[in-house]
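Geometric and topological summary
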Amino acid sequence: MMRGRSDGAQKKRLWTSVGIGAVLVVFLYMYFGSKSSGESALEYGSRSLRKLGSSYLGGDDNSDLSRQDEKFALEDGDDGIIPKSFPVCDDRHSELIPCLDRHLIYQMRLKLDLSLMEHYERHCPLPERRFNCLIPPPPGYKVPIKWPRSRDEVWKVNIPHTHLAHEKSDQNWMVVKGEKIIFPGGGTHFHYGADKYIASIANMLNFSNDNLNNEGRIRTVFDVGCGVASFGGYLLSSDIIAMSLAPNDVHQNQIQFALERGIPAYLGVLGTKRLPYPSRSFEFAHCSRCRIDWLQRDGILLLELDRVLRPGGYFAYSSPEAYAQDEEDLRIWREMSALVERMCWRIAAKRNQTVIWQKPLNNDCYMERPPATQPPLCRSVDDPDAVWGVNMEPCITPYSEHDHKVGGSGLAPWPARLTSPPPRLADFGYSNEMFDKDMETWRQRVDQYWSLLSPKISSDTLRNIMDMKANLGSFAAALKDKNVWVMNVVPKDGPNTLKIVYDRGLIGTTHDWCEAFSTYPRTYDLLHAWTVFSDLEKKGCSGEDLLLEIDRILRPTGFVIIRDKQHVIDFVKKHLSALHWEAVGSADSTSDPEQESDNIVLVVQKKLWLTSGSIRDTE
């Protein structure tokens with residue numbers, strides 16, 4: 001009996017070993033077979049993320065050749081290595097924002113001061129920690145609803161987060177209704193709608209027809225702690241464009257909702273670094289229950305707001321401190337009132353739940369303050385327009401001699417300011433003639449772009465557009481009659497022309513394209529890259545990384561216009577298949593008014609690819 005049991009056990013162990021061996025062989029075949037044939041972005045399971053140090057161009061994962069190819073090593077006419085595919089990030093990373101990834105912060109064990117909101121500021125992964133993969137759309141993703149309907153409704157499957165609808169159910173932020181999320185236009189302090197709230201603010205300031213644009217004098221607005229950006233969304237009908245700002249905090253996806261709706265918005269926080277906007281960018285700032293402690297660190301956050309406000313600019317503050325009578329709110333109100341008085345702000349209007357302060361038109365009040373008054377004036381050597389990675393300073397930014405003399409910014413009302421040479425143009429040595437020529441150049445280029453795009457687009461195809469290298473903002477200016485808005489990006493190491501962009505009544509931000517942009521995936525319909533790749537090449541950054549970042553930002557079915565040298569265009573074309581992009585048009589620059597004879601225009605479109613188990617469904 002014992003012998004029989006022993007033989008049976010041996011046979012059982014043998015069959016178990018054979019079974020394990022067979023499973024192992026099948027696994028190795030499938031694993032290495034799929035790697036040799038290239039993994040498809042259309043059919044994948046739940047995969048772990050791969051890091052930037054790996055090559056996806058074939059061959060040894062750690063070879064030097066892959067890094068050379070990423071740096072545009074295509075000028076010599078060599079065909080190079082064509083990537084067959086890029087891996088797809090795991091489903092749980094469908095909303096990855098690389099430089100605002102809290103999981104990364106925890107993993108890197110960064111020592112951040114949570115009370116100063118440092119954990120909501122940009123902290124980009126080191127090269128070896130970057131993810132080199134395509135960000136998948138959520139299951140069931142649909143082409144977004146078109147503007148202007150999108151202001152009031154979006155597809156729930158595109159942003160499957162409904163906790164805000166429940167958390168703010170009594171405040172009319174958003175409502176889940178079947179397959180859609182509806183935005184009634186409410187907010188914490190405007191239960192009856194943003195439109196009525198905006199009109200009441202204009203009425204408080206005695207603006208004609210209760211229109212906040214004040215006959216074109218108010219054009220650029222900064223909405224801090226914007227929620228889902230209904231305030232900014234309802235300003236658009238008054239020819240006012242708002243930069244709506246909120247962090248990726250406990251109220252996650254606020255900015256994602258805003259951009260899905262087609263409303264200008266940006267991920268950021270008032271923490272320790274300056275906002276990525278030059279001085280004197282906004283005519284109007286707004287905070288409605290934005291949960292910001294304006295008194296902290298000697299009022300440094302209010303001083304940062306002061307830096308970005310124009311001469312005579314307004315700050316509308318709707319919060320219990322402006323009206324509540326309990327002891328704590330009264331204390332905050334007294335301290336805040338004393339602070340803004342020392343900053344030379346005056347109360348322009350106060351009614352019910354809202355107070356509106358106004359910044360002085362010139363330096364007279366600053367000069368008349370008693371000696372040693374706090375906060376001090378900033379030193380003359382401080383550049384108020386230096387913003388990328390620059391710490392905030394607890395000081396008041398005085399006006400330039402020009403602005404002090406004219407008693408304001410000297411800007412024309414909107415829309416005339418779009419085409420009028422702004423006073424700060426002289427800061428760059430540009431003449432009015434150069435400004436006019438730049439406008440005409442980009443008008444012709446945009447006409448060419450639209451000719452290339454016309455077979456693929458209709459009047460409502462595009463809404464959110466980004467100019468990755470905006471210069472003077474003339475690309476955006478040429479789009480004035482289109483139903484779009486443009487995020488004008490000025491590279492941090494080029495001429496700081498973003499103040500010209502704002503002086504023209506446009507909005508934008510500063511950025512370093514060696515890093516990821518501060519936005520959610522799938523938030524722009526069109527990106528314009530004028531010599532951005534060539535600039536990146538000079539800095540030694542990875543062109544492949546930039547392609548993947550563009551793909552992350554771009555909505556499915558969205559477009560990229562690349563205007564660059566021939567070898568850059570060749571580099572991009574070699575990656576089209578791996579990215580699931582397709583070329584839809586190209587042109588040389590023989591007729592270019594700037595005679596950029598070495599530049600080529602390539603227009604590509606991102607395909608709507610979906611992950612396993614998703615259903616393709618478009619409007």
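If you look the protein up in an unreviewed UniProt entry, it shows as Methyltransferase PMT3 from Nicotiana tabacum.

Regarding the nonpolar core
In terms of nonpolar packing, the biggest core is built from 118 residues, with Phe222, Tyr277, Trp294, Leu302, Phe315 and Trp513 touching the most fellow members. Sorting elements by how many residues they give to this core places helix H18 (residues 566–579) first, with seven residues. Not counting the four nearest positions on each side in its chain, leucine 302 is found in contact with Trp294, Phe315, Met336, Leu339, Val340, Met343 and Trp345. The next biggest cluster of nonpolar side chains, apart from the first, holds 22 residues, and it includes Tyr197, Phe284, Ala316 and Ala349.

Some thoughts on the environment of glutamate 515
Note that glutamate 515 resides in the loop between strand S13 (507–511) and strand S14 (524–530). Once the C-alpha coordinates of glutamate 515 and proline 127 are considered, the two residues, 388 residues apart in sequence, prove to be 9.9 Å apart. Each residue touching glutamate 515, except ones within four places of it in the same chain, is listed here: Cys99, Arg122, Cys124 and Trp388. A polar contact of 2.8 Å, which involves the side chain of glutamate 515, links it to the side chain of arginine 122.

Some words on the packing of helix H16 (residues 532–539) against helix H17 (residues 543–553)
For any two helices packed against each other, one specifies the inter-axial angle together with the distance between the axes. With their axes 10 Å apart at the nearest point, H16 and H17 run at an angle of 140° to one another. On the basis of their axis angle, the class for H16 and H17 is oblique. Crossing hand, H16 versus H17: right-handed. Only Gly543, Leu546, Leu547 and Ile550 of H17 make contact with H16, whose side of the interface consists of Val532, Phe533 and Leu536. A per-class count over the contact of H16 with H17 returns six nonpolar, one polar and no charged.

Some thoughts on the packing of aromatic side chains
Using the criterion set out here, one finds 25 aromatic pairs in the structure. Here the aromatic rings of tyrosine 449 and phenylalanine 475 are separated by 6.3 Å at their centres, their planes lie at 55°, and the arrangement is tilted. Residue tyrosine 449 is located in helix H13 (residues 432–453), and its partner phenylalanine 475 is located in helix H14 (residues 474–477); the two are separated by 26 residues in the primary sequence. The same class applies to tyrosine 449 and to phenylalanine 475, which are both buried. In textbook terms, an aromatic cluster arises when at least three aromatic residues are bridged by ring pairs, as seen for Phe222, Tyr266, Tyr277, Phe282, Tyr502, Trp513 and Phe517. Positioned over the ring face of tryptophan 155 is lysine 180, at 5.2 Å from the centre of the ring. The ring centre of tryptophan 530 lies 4.8 Å from the NZ or CZ of lysine 469, which sits over that ring.

Considerations on helix H9 (residues 327–342)
With 16 residues, H9 should cover 22 Å at 1.5 Å per step; its first-to-last C-alpha distance of 23 Å lies within 8% of that length. Among the structural elements, helix H8 (296–308), strand S8 (309–318), strand S9 (346–351) and strand S10 (354–358) are those in contact with the buried residues of H9. Following H9 by one or two positions, cysteine 344 adopts a phi angle in the positive range, close to 75°.

What to know about the confidence of the model for the protein
For the protein, mean pLDDT is 85; residues scoring 70 or higher make up 82% of the total. Here residues 1–12 is modelled with pLDDT under 50, and outside its nearest four sequence neighbours on either side it reaches zero contacts, counting other chains as well. Contacts of residues 25–70 to residues separated by more than four positions or lying in other chains number 85 contacts, the stretch itself having pLDDT below 50.

A few points about the sheet that holds strand S15 (residues 554–565)
A sheet is described by the order of its strands in space; here seven strands give the open sequence S13-S12-S11-S14-S15-S17-S16, paired in mixed fashion. Looking along the sheet, the strands with just one partner apiece sit at the ends: S13 and strand S16 (581–588). Each strand of the sheet is rotated relative to its neighbour by a mean of 20°, with strand direction disregarded. Here strand S12 (residues 485–491) runs beside S13; their pairing, made up of five bridges, is parallel. Among the inter-strand pairings, asparagine 488 is bridged to a residue of S13, identified as glycine 508. Relative to the sheet, H17 contacts S14, S15, S16 and strand S17 (599–606), its axis offset from that of S15 by approximately 145°. Across the sheet, H18 touches S15, S16 and S17, and the angle it forms with S15 is around 160°.

Considerations on the environment of leucine 100
Here leucine 100 lies in the loop between helix H2 (64–70) and helix H3 (102–108). A C-alpha to C-alpha distance of 6.3 Å links leucine 100 and histidine 123, two positions 23 residues apart in sequence. If we ignore the near neighbours within four places in the chain, the residues touching leucine 100 are Tyr120, Glu121, Arg122, Asn248, Leu267 and Ser518.

Let's talk about the pairing of strand S11 (residues 464–467)
Residues Asn464 and Met466 of S11 are buried on one face, and the alternating residues Ile465 and Asp467, pointing to the opposite face, are buried as well. Bridge analysis of S11 against S12 gives four bridges, and the strand direction is parallel. Note on S12: the bridge partner recorded for aspartate 467 is asparagine 488.

Remarks on the sheet that holds strand S7 (residues 282–288)
Spatially, seven strands are ordered S6-S5-S4-S7-S8-S10-S9 in an open sheet, and the strand pairing comes out mixed. Strand pairing shows two members of the sheet lacking a second neighbour, strand S6 (265–267) and S9, which therefore form its edges. Neighbour-to-neighbour, the strand axes of the sheet open up by a mean angle of 20°, direction not taken into account. Here strand S4 (residues 220–224) pairs with strand S5 (residues 241–246) via five bridges, running parallel. Paired with phenylalanine 222 across the two strands is methionine 243, which belongs to S5. Sitting on the sheet, helix H7 (residues 254–261) is in contact with S5 and S6, with an inclination near 155° to S6. Against the sheet, H8 contacts S4, S7 and S8, and its axis sits at roughly 135° relative to S8.

A closer look at the state of the cysteines
Enumeration over the complete set of coordinates arrives at six disulfides. One disulfide in the model links cysteine 378 with cysteine 395; its S-S distance is 2.0 Å. On the S-S bond that ties cysteine 378 to cysteine 395, the torsion sits near 95°, and the link is right-handed. With cysteine 378 in the loop between helix H10 (364–368) and helix H11 (401–406) and cysteine 395 in the loop between H10 and H11, this pair connects stretches of sequence that are 17 residues apart. Numbered by position along the chain, the disulfide-linked cysteines of the protein connect as 1-4, 2-3, 5-6, 7-8, 9-10, 11-12.

Observations regarding the environment of proline 413
Mapped onto the fold, proline 413 is located in the loop between H11 and helix H12 (416–419). Since its relative accessible area comes to 39%, proline 413 is described here as partly exposed. Expressed as a C-alpha distance, the spacing of proline 413 and asparagine 214, which sit 199 residues apart in the sequence, is 9.1 Å. For proline 413, the residues in contact, after removing those within four places along its chain, are Glu215, Gly216 and Arg217.

Reading guide: rules and limits
Residues numbered from 1 in each chain as written. Predicted model: local features only at pLDDT ≥ 70, side-chain atom pairs only at ≥ 80, totals over all residues. Heavy atoms only, no water. Core = buried A, V, L, I, M, F, W, Y, C linked by side-chain atoms within 4.5 Å. Buried < 20%, exposed > 50% of the residue type's maximum accessible area, 1.4 Å probe, protein only. Helix = DSSP H or I, 4+ residues; strand = E, 2+ residues; numbered from the N terminus. Contact = heavy atoms within 4.5 Å. Polar contact = N/O pair within 3.5 Å; in protein donor to acceptor, adjacent residues only side chain to side chain. Axes fitted to C-alpha atoms, helices over the stretch in contact; angles between N-to-C directions. Parallel < 35°, antiparallel > 145°, perpendicular 65-115°, else oblique. Left-handed = near helix turned anticlockwise from the far one by under 90°. Nonpolar A, V, L, I, M, F, W, Y, C, P; charged D, E, K, R; others polar. Phe/Tyr/Trp six-rings, centres within 6.5 Å; stacked < 30°, edge-to-face > 60°. Lys NZ or Arg CZ within 6 Å of the ring centre and 35° of its normal. Expected span 1.5 Å × (residues − 1). pLDDT = per-residue confidence, 0-100. Pairing = 2+ DSSP bridges. Disulfide = S-S within 2.5 Å.

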